[in-house]
Amino acid sequence: MGKVIAVEHLTLDGVMQAPGDRDEDARDGFVHGGWASRRQDPVMQKVIGARMGSSWSLLAGRRTYEQFAEYWPAQEPNPYTEALTRARKYVVSTTLTEPLPWQNSVLLKGDAVDAVTRLRAEENGNLVVFGSGELVRSLLPHGLVDELVLMVHPEVLGSGRRLFTGSGSEPFGLQLVESATTGTGVFAGVYQAAER
């Protein structure tokens, strides 16, 4: 059975919107895009790389997939582009149609919870999610996220979309299983669901 591992960059006040680029996601008038870029660090890459291992696939919501598919194939050859292009990419969407534009991409149609439940049963490797907040929020209440890798940046933005919204979700506990602090002050915490 595959494991779903969600990798998220968050501010201290829980914002996850547009960490990588100024123009990444301006929904709701968000003007702080790119807030995580200056704190990139090899420690982060090590923590994330350990989750990927030798057998992994990308699991993404529509918005994240479209952004990745537009950005990564257009980059000069580098290890990240090659790894992402080579990886199988599973895309959860009710609006996209096949064929998907980025090689090795598979559309998961229908309800996200049902689609990811089936996929976890069929896959042996890790299913790594970057961003895709709506997808992660839909999977969490159903126990379909096996690990949360939270990169908590020492930033407070005051506005923006958050990973944990508090609306419509039941409380749940997490257990910290690994942690590291980067030289740029980012706390990298790896969490699994706590025993109930």
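As the structure is a prediction and not an experimental result, all values here were calculated from the model.

Caption draft 1: Inspection of the sheet that holds strand β3 (residues 89-92) at higher detail. If you trace the eight strands from one edge of the open sheet to the other, you get β4-β3-β2-β5-β1-β6-β8-β7, paired in mixed fashion. Lying at the two open borders of the sheet, with one neighbouring strand each, are β4 (105-108) and β7 (174-181). Direction aside, neighbouring strands of the sheet carry axes that sit 25° apart on average. One ladder, built from seven bridges, connects β7 with strand β8 (residues 187-193); its direction is antiparallel. Residue pairing for β8: E178 is matched across the bridge by V190. Those strands touched by helix α1 (residues 42-52) are β1 (3-11), β2 (56-61), β5 (126-130), β6 (147-153), β7 and β8, and its axis lies near 170° from that of β6. Packing against the sheet, helix α4 (residues 112-122) makes contact with β1, β2, β3, β4 and β5, and its axis sits at approximately 155° to β3.

Caption draft 2: Seen up close, the side chain of T64. Along the chain, T64 turns up in helix α2 (residues 62-71). Residue T64 is classed as buried on the basis of its relative accessible area, which comes to 11%. A polar side-chain atom of T64 sits 3.1 Å from a polar atom in the side chain of S132.

Caption draft 3: The arrangement of the packing of aromatic side chains in detail. The full count for this structure, using the stated rule, is five aromatic pairs. With a centroid separation of 6.3 Å and 55° between ring planes, the pair formed by F164 and F172 is classed as tilted. Taken together through their ring pairs, the aromatic side chains of Y71, W72 and Y80 make up a single cluster. Lying over the aromatic face of W102, K89 brings its terminal NZ or CZ to 4.6 Å of the ring centre.

Caption draft 4: The side chain of R39, seen in detail. Topologically, R39 is positioned in the loop between β1 and α1. Assessed through its relative accessible area of 18%, R39 is described here as buried.

Caption draft 5: Quick peek at the environment of A69. You can see A69 is positioned in helix α2. Looking at A69, the relative accessible area reads 17%, which means it is buried. Put simply, A69 and Q17 are 52 residues apart on the chain and 18 Å apart in space, counted from C-alpha to C-alpha.

Reading the values: rules and limits
- Residues numbered from 1 in each chain as written.
- Predicted model: local features only at pLDDT ≥ 70, side-chain atom pairs only at ≥ 80, totals over all residues.
- Heavy atoms only, no water.
- Pairing = 2+ DSSP bridges.
- Helix = DSSP H or I, 4+ residues; strand = E, 2+ residues; numbered from the N terminus.
- Axes fitted to C-alpha atoms, helices over the stretch in contact; angles between N-to-C directions.
- Contact = heavy atoms within 4.5 Å.
- Buried < 20%, exposed > 50% of the residue type's maximum accessible area, 1.4 Å probe, protein only.
- Polar contact = N/O pair within 3.5 Å; in protein donor to acceptor, adjacent residues only side chain to side chain.
- Phe/Tyr/Trp six-rings, centres within 6.5 Å; stacked < 30°, edge-to-face > 60°.
- Lys NZ or Arg CZ within 6 Å of the ring centre and 35° of its normal.

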